[in-house]
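# Inside the fold
Listed here are the chains, written in short residue letters.
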Amino acid sequence: MVLHIGFGLQDVTPPLGVAMDGYAKREGVARAVHDPLQARALVAEDGSTAVAVVVADVIELSRRQVERTGLLVERWTGIPRGHVIAAGTHTHSGPVPWAKPPAGARPAPNHHYGQLLPDLLASAVCRAWAERRPASLAAATACTRAQTVNRRCPGAATDEELCLIHVRRRGGADALVLSYACHGVVMGPDNLSLSADWIGGTRAALERDHPGLFPVVLAAPSGDVNPLPGTVRRLLAEHGPEFFTNDPFSGIYDRTGGTFAEIEAM
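This structure is a prediction, so every number in the text was calculated from the model and none was measured.

### Let's talk about unusual backbone geometry
- Even without being glycine, His90 reaches a positive phi, approximately 75°.
- Mapped onto the elements of the fold, His90 is located in the loop between strand 5 (84–88) and helix 2 (107–130).

### Here we look at the sheet that holds strand 5
- The strand order across the open sheet built from 8 strands is 5-4-3-1-6-8-9-11, with neighbouring strands paired in mixed fashion. Lying at the two open borders of the sheet, with one neighbouring strand each, are strand 5 and strand 11 (214–219). Averaged over all adjacent pairs, the angle separating strand axes in this sheet is 25°, with direction ignored.
- As paired elements, strand 8 (residues 161–169) and strand 9 (residues 175–180) share 5 bridges and run antiparallel to each other. Opposite Val167, over in strand 9, you have Ala175 as the bridge partner.
- With respect to the sheet, helix 3 (residues 197–209) is in contact with strand 3 (38–45), strand 9 and strand 11, its orientation differing from that of strand 11 by roughly 155°.

### Thoughts on the nonpolar core
- Formed by 31 residues in total, the largest nonpolar core has its most connected members in Val54, Ile79, Leu121 and Val125.
- Contributions of two or more residues to this core are made by strand 3, strand 4 (50–56), helix 1 (63–77), strand 5 and helix 2.
- Examining the composition of this core, we find that 9 residues originate from one element, helix 2, more than from any other.
- Apart from residues lying up to four places away in sequence, Leu121 is in contact with Ala39, Val54, Ala56, Leu61, Thr69 and Ala86.

What counts, and at which threshold
Residues numbered from 1 in each chain as written. Predicted model: local features only at pLDDT ≥ 70, side-chain atom pairs only at ≥ 80, totals over all residues. Heavy atoms only, no water. Helix = DSSP H or I, 4+ residues; strand = E, 2+ residues; numbered from the N terminus. Pairing = 2+ DSSP bridges. Axes fitted to C-alpha atoms, helices over the stretch in contact; angles between N-to-C directions. Contact = heavy atoms within 4.5 Å. Core = buried A, V, L, I, M, F, W, Y, C linked by side-chain atoms within 4.5 Å. Buried < 20%, exposed > 50% of the residue type's maximum accessible area, 1.4 Å probe, protein only.

Coordinates in, geometry out; function isn't part of it.
Structure (structure tokens):
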């Protein structure tokens, strides 16, 4: 049996004015787009079994959105609903992805966006299905240092392992799948520009340094793992470990002051 793999891209950037998700302290709605939000899909089939994974630059998906995505994929490609994984990259600088946003948020843009999102994710899978090629896989891991911090207990363990799968295809571009346990919270509640945070920065860096490569970045189950950029290092130095609290309006959950330059550095 020969493994065939395809990948697809679909823009999922919402209109400006949507309520943003990820911080209770955030005030205001999206005013700009720093980097386009995307859905990236990868499909694989060996002639008897087909599977699909699609991730979008939103904080998470509802059960209903995941179900509709899977049903659309099955209808459009034949990949069984049970073989489809749909998820968010968990950026905290994306829109509220629900059909009904939280109380107090502006309802219209988010309502329409939430309804459309499963169709956009399924479209990415459809594009991946249409351009699959014979492929082989190689895997590796790397250990990162001083990139993350335990958001509740500084000094406690974080998962520093970066997992990679290199997809080599005959007659098509290669793909690189990265899995790394870290919340998308370099940018804090003061940021009102839509962004995929470090996930988008990683994809952009890989595409810049390796033209033609298709990167898919997965934020693995992150638990208490946060990025450790310069602003957080300074807060730790100034306030000590007590700065790391569960209070969404202070401490590490505040995250005010993060910069896009820190995303580039990460």
